[in-house]
Amino acid sequence: MSNFYNDEELAQLGFKSVGRNNKISKKTSFYNTSRIELGNDVRIDDFCVISACAEGFVKIGNRVHIAAHCFIEAPAGVTLEDFSGLAARCTIYGGSDDYGGEYLTNPCVPLEFRKCTNKHVHIKKHAVIGTGSTILFGVTIGAGSAVGSMAFVTKSIPDSAIAIGIPAKVVKKRSAKLFELEEQLLKKQ
Ligand SMILES: CC(=O)SCCNC(=O)CCNC(=O)[C@H](O)C(C)(C)COP(=O)(O)OP(=O)(O)OC[C@H]1O[C@@H](n2cnc3c(N)ncnc32)[C@H](O)[C@@H]1OP(=O)(O)O
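Rules used in this analysis
Residues numbered from 1 in each chain as written. Predicted model: local features only at pLDDT ≥ 70, side-chain atom pairs only at ≥ 80, totals over all residues. Heavy atoms only, no water. UniProt positions renumbered as here; feature names shortened; annotations may be inferred. Pairing = 2+ DSSP bridges. Helix = DSSP H or I, 4+ residues; strand = E, 2+ residues; numbered from the N terminus. Salt bridge = Lys/Arg side-chain N within 4 Å of Asp/Glu carboxyl O. Buried < 20%, exposed > 50% of the residue type's maximum accessible area, 1.4 Å probe, protein only. Near = heavy atom within 4 Å. Polar contact = N/O pair within 3.5 Å; in protein donor to acceptor, adjacent residues only side chain to side chain. Areas by Shrake-Rupley, 256 points an atom, 1.4 Å probe, with all protein chains shown as cover. Nonpolar A, V, L, I, M, F, W, Y, C, P; charged D, E, K, R; others polar. Contact = heavy atoms within 4.5 Å. Disulfide = S-S within 2.5 Å.

Per an unreviewed UniProt entry, the protein chain carries the name Galactoside O-acetyltransferase and comes from Rheinheimera salexigens. Within the UniProt record for the protein chain, the comment given under Sequence similarities (unreviewed entry) is "Belongs to the transferase hexapeptide repeat family."

Colleague: Would you mind going over the sheet that holds strand S17 (residues 134-136) with me for this structure?
Modeller: Hydrogen bonding along the main chain pairs the strands of a sheet, whether they run parallel or antiparallel. What the six strands build is an open sheet, ordered S3-S6-S9-S12-S17-S20; its pairing is parallel. Edge strands, defined here as strands with exactly one partner in the open sheet, are strand S3 (29-31) and strand S20 (152-153). Across three bridges, the pairing between strand S9 (residues 71-73) and strand S12 (residues 91-93) is parallel. The residue of S12 that forms the bridge with Glu73 is Tyr93.

Colleague: Can you walk me through the pattern of salt bridges in this structure?
Modeller: Any two side chains of opposite charge can pair, on the condition that their charged atoms come close. Here the structure, examined in full by the defined rule, presents eight salt bridges. In this structure, Arg114 and Asp97 form a salt bridge, with 2.8 Å as the shortest nitrogen-oxygen distance. You can see Arg114 sitting in the loop between strand S13 (95-97) and strand S14 (116-118) and its partner Asp97 sitting in strand S13, a full 17 residues away along the chain. Here Arg114 matches Asp97 in class, with each residue buried. Close ionic contact of Asp98 with Lys115 constitutes a salt bridge, the shortest N to O distance being 3.9 Å. Of this pair, Asp98 sits in the loop between S13 and S14 while Lys115 sits in the loop between S13 and S14; the two residues are 17 residues apart in sequence, bridging distant segments of the chain.

Colleague: What exactly am I supposed to notice about the site of the ligand here?
Modeller: The full set of residues close to the ligand is Ala87, Gly130, Thr131, Gly148, Ser149, Ile164 and Lys172. One of the backbone nitrogen or oxygen atoms of Thr131 is found 2.8 Å away from an oxygen atom of the ligand. For the ligand, an oxygen atom lies 2.7 Å from a polar atom in the side chain of Lys172. Computed on the free molecule, the ligand has an accessible area of 970 Å², of which 32% lies beneath the protein chains in the complex. Here the residues of the shell around the ligand are counted per class, giving two nonpolar, four polar and one charged.

Colleague: Is there a simple way to think about the pairing of strand S21 (residues 161-164) in this case?
Modeller: Moving residue by residue along a regular strand, the side chains alternate between the two faces of the sheet. Along S21, the buried face is formed by Ala161 and Ala163; none of Ile162 and Ile164, which line the opposite face, is buried. Looking at chain direction, strand S19 (residues 146-147) and S21 are connected through two bridges and run parallel. By the bridge assignment, Val147 is partnered in S21 with Ala163. When S21 meets strand S22 (residues 169-173), the two strands line up antiparallel, connected through four bridges. Looking at the pairing, Ile164 lines up with Lys169 of S22. Following S21, the chain reverses through four residues before pairing antiparallel with S22; Gly165 in that reversal takes a positive phi of roughly 100 degrees.

Colleague: In this structure, what is going on with the environment of Val18? I would like to understand it.
Modeller: Among the structural elements, Val18 can be located in strand S1 (residues 17-18). Given the relative accessible area of 33%, Val18 is considered partly exposed. Those residues within four positions of Val18 in sequence are excluded, and the remaining contacts are Leu10, Leu38 and Gly39.

Colleague: How should I be thinking about the state of the cysteines in this particular structure?
Modeller: Cysteine pairs can be covalently joined through their sulfur atoms, and such a bond is termed a disulfide. Under the defined criterion, the tally for this structure stands at zero disulfides. With no disulfide of its own, Cys90 lies closest to Cys70 among cysteine sulfurs, the gap being 4.9 Å. Given the relative accessible area of 2%, Cys90 is considered buried. The thiol sulfur of Cys108 is not disulfide-bonded, and the nearest other cysteine sulfur, from Cys116, lies at 12 Å.

Dropping the structure here:
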């Protein structure tokens, strides 16, 4: 028996929209599928949690790979554009409590005692996030950029850059050849 849903099973999960030729692990947990969109040729591996919590949404484009053990929390939306990818154990926190001590934290206390900030996270085309990285609310990872493994990304990263570290900083440019390769691939389809 396959670990991936077939088209019929995927259709029954109630996604807002779902494309074709996807490989979605049955061991991934989705919350609020009516606000989750999946493109074509998407692969999502085992033990991911993808949550369109609060009023949020998750929009996953074409040829996006989300490796094992990733967590996406999207109270204000998370967009993963075409050809983007999360390596294993990446986390996207589209929202967070205030950790300063002026408020209570965590979902087990009423909202009036918390100060939550929720902002859209945007992973643009061809951006790739290295294993074990965390991306915070409000961050955009520019088109064609890479984030090195184990980074903590608190601010947006421009297009075609490589960023590493805690907090993540741009260290060099990333080649834009991958945009040419995309054109070649799309011509072949
Ligand atoms: C679908 C899949 O691919 S699954 C596999 C997932 N793959 C990953 O997560 C790998 C992500 N890649 C990385 O993190 C890489 O190290 C990159 C892209 C950030 C940099 O790669 P390169 O350009 O080859 O850099 P290089 O290895 O020469 O390192 C340059 C310097 O940055 C340091 N460095 C490299 N990566 C990191 C990192 N993630 N965090 C902190 N420092 C780093 C190196 O130690 C080196 O430091 P030095 O100059 O003081 O010696």
